[in-house]
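Reading the structure
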Amino acid sequence: MLIETPTHRPGTPETTAPASRRRHDDAPDTAALFARMAELEEGPEREAVRDELVTLWLPMAHRIAGRFRDRGESIEDLRQVAALGLVKAIDRFDPSRGAFESYAVPTITGEVKRHFRDRMWALRVPRRVQELRNKVRVARRELTQNPGSPEPSVADLARHTGLTEEEVNAGIEALDSFSTLSLDAELSADDDGYSLADTLGAADSSYDVVVDRESAKEGLRRLPERERAILYMRFFEDMTQSRIADHLGISQMHVSRLISRSCARVRDEVLGQRTGNRGTGGPSTTA
């Protein structure tokens with residue numbers, strides 16, 4: 001509703017001028033209801049007045065929630081958060097301190113912003129980093145608001161915000177932490193397109209082989225020369241037990257026993273060393 005103040009000068013047609021302040025259509029006149037609620041004690045009658053105030057001011061809360069649409073949260077959820085902020089504003093409002101709208105708007109807006117700050121981050125970051133993100137975001141917008149303005153550098157953002165370049169970099173990283181990219185997201189529009197998951201590495205089983213091989217080296221060095229030769233021929237030259245037996249002039253059964261005994265000895269030494277390391281908290285030593 002426009003509040004019009006008539007002005008008239010002698011000899012000139014009468015004109016009207018709009019006042020500088022405009023009330024929104026969803027800002028009802030509820031001063032009498034607030035005054036009444038302030039006089040009532042806790043009980044059904046006060047709750048009824050409170051519910052009526054919520055109903056009357058709910059369109060304003062929905063309008064504020066609409067400012068935050070298209071930020072990754074559904075409008076229905078935003079309206080619920082704004083309605084919660086409205087209830088808090090009604091409960092805390094002191095009618096003697098001015099108009100309710102002036103108090104409710106920042107209260108509801110703050111509630112919605114807190115919802116984004118605390119609930120909508122895909123990656124949980126410290127509050128301090130969230131604040132750095134907001135400072136960097138506002139500074140970037142202010143520095144690029146003029147058409148043709150170049151993208152500000154880290155140094156530009158640091159000078160504008162009073163932050164260090166390290167803090168600016170932390171805020172820039174947090175700008176990309178508000179939402180995440182699905183592992184199923186397509187990274188290529190070609191027919192042979194691939195997803196983000198296709199670019200991730202997998203666990204390499206060869207690492208376990210390296211660990212086992214290094215662990216067994218010392219035990220292998222302690223074996224008699226003939227047993228080391230048998231293991232080398234069997235596992236590195238891929239010779240059969242019968243060929244090894246013919247090469248050494250012993251029976252195949254003897255070769256089999258030597259292989260089993262050598263492997264068991266090396267294995268027991270490795271396992272015993274690992275057990276000793278866990279028990280002492282460090283590598284075992286021998287006198």
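Residues numbered from 1 in each chain as written. Predicted model: local features only at pLDDT ≥ 70, side-chain atom pairs only at ≥ 80, totals over all residues. Heavy atoms only, no water.

**Re the pattern of salt bridges**
With the rule as written, the count across this model stands at 16 salt bridges. Between Glu47 and Arg50 there is a salt bridge, with the nearest N and O atoms lying 3.5 Å from each other. Residue Glu47 and its partner Arg50 are both found in helix H2 (residues 44–66); the two are separated by three residues, about one turn of the helix. What emerges from the salt-bridge pattern is a single network uniting Glu218, Arg221, Arg222, Arg265 and Glu269. (Salt bridge = Lys/Arg side-chain N within 4 Å of Asp/Glu carboxyl O. Helix = DSSP H or I, 4+ residues; strand = E, 2+ residues; numbered from the N terminus.)

**Examining the environment of Trp57**
Residue position: Trp57 is located in helix H2. In this structure, the C-alpha to C-alpha distance between Trp57 and Pro28, residues 29 residues apart in sequence, is 7.1 Å. Every residue in contact with Trp57, bar those within four places of it in the chain, is listed here: Asp26, Ala27, Pro28, Thr30, Phe34, Leu86, Phe100 and Glu101. (Contact = heavy atoms within 4.5 Å.)

**Notes on a nonpolar patch on the surface**
On the surface, a cluster of nonpolar side chains totalling about 390 Å² of accessible area is made up of Tyr232, Phe235 and Phe236. You can see Phe235 is positioned in helix H9 (residues 225–235). (Patch = residues over 30% accessible without salt bridge, like charges linked within 9 Å, V, L, I, M, F, W, Y side chains within 5 Å. Areas by Shrake-Rupley, 256 points an atom, 1.4 Å probe, with all protein chains shown as cover.)

**Focus on the packing of aromatic side chains**
One pass over the structure, following the stated rule, counts six aromatic pairs. Summarising the aromatic geometry, the rings of Phe34 and Phe93 are spaced 4.9 Å apart at their centres and angled 70° between planes, so their arrangement reads as edge-to-face. Pair noted here: Phe34 is in helix H1 (residues 31–39) and Phe93 is in the loop between helix H3 (75–92) and helix H4 (100–119), with a separation of 59 residues, a long-range link. Both residues of the pair, Phe34 and Phe93, belong to the buried class. Measuring from ring centre to ring centre gives 6.0 Å for Phe93 and Tyr103, while their planes differ by 40°; the resulting arrangement is tilted. A residue pair is termed long-range when its members are at least 10 positions apart, and Phe93 in the loop between H3 and H4 and Tyr103 in helix H4 qualify at ten residues. On the basis of relative accessible area, Phe93 is assigned to the buried category, the value being 12%. The residue whose ring lies beneath Arg234 is Phe235, and the NZ or CZ to ring-centre distance is 5.9 Å. (Phe/Tyr/Trp six-rings, centres within 6.5 Å; stacked < 30°, edge-to-face > 60°. Buried < 20%, exposed > 50% of the residue type's maximum accessible area, 1.4 Å probe, protein only. Lys NZ or Arg CZ within 6 Å of the ring centre and 35° of its normal.)

**Some points on the nonpolar core**
Counting residues in hydrophobic clusters, the biggest one holds 26 residues, and the most contacted among them are Phe34, Leu53, Trp57, Leu86, Ile90, Phe100 and Ile108. For this core, the secondary-structure elements that each account for two or more residues are H1, H2, H3 and H4. It is H2 that contributes the most residues to this core, eight residues altogether. (Core = buried A, V, L, I, M, F, W, Y, C linked by side-chain atoms within 4.5 Å.)

**Structural notes on the confidence of the model for the chain**
Summary statistics for the chain give a mean pLDDT of 80 and a share of 79% for residues scoring 70 or more. The weakest mean pLDDT in the chain belongs to strand E1 (residues 4–7) at 40; the strongest belongs to H2 at 93. Ignoring residues within four places in sequence, the model shows residues 1–22, a span with pLDDT below 50, making 17 contacts including any to other chains. For the stretch residues 282–287, pLDDT sits under 50, and the model shows five contacts to residues farther than four places along the chain or on other chains. (pLDDT = per-residue confidence, 0-100.)

**So, the side chain of Thr30**
Among the structural elements, Thr30 can be located in the loop between strand E2 (15–18) and H1. In terms of polar contacts, Thr30 uses its side chain to reach the side chain of Trp57, at 2.9 Å. (Polar contact = N/O pair within 3.5 Å; in protein donor to acceptor, adjacent residues only side chain to side chain.)

**A look at the packing of H1 against H2**
H2 packs onto H1 with a crossing angle of 150° between their chain directions and a minimal axis gap of 9 Å. With respect to each other, H1 and H2 are oriented roughly antiparallel. By crossing handedness, the relation of H1 to H2 is classed as left-handed. Contact with H1, carried on its side by Leu33, Phe34, Arg36 and Met37, involves Glu45, Arg46, Val49, Arg50, Glu52, Leu53, Leu56 and Trp57 of H2 and no other residues of that element. The residue makeup of the contact of H1 with H2, split by class, is seven nonpolar, no polar and five charged. (Axes fitted to C-alpha atoms, helices over the stretch in contact; angles between N-to-C directions. Parallel < 35°, antiparallel > 145°, perpendicular 65-115°, else oblique. Left-handed = near helix turned anticlockwise from the far one by under 90°. Nonpolar A, V, L, I, M, F, W, Y, C, P; charged D, E, K, R; others polar.)

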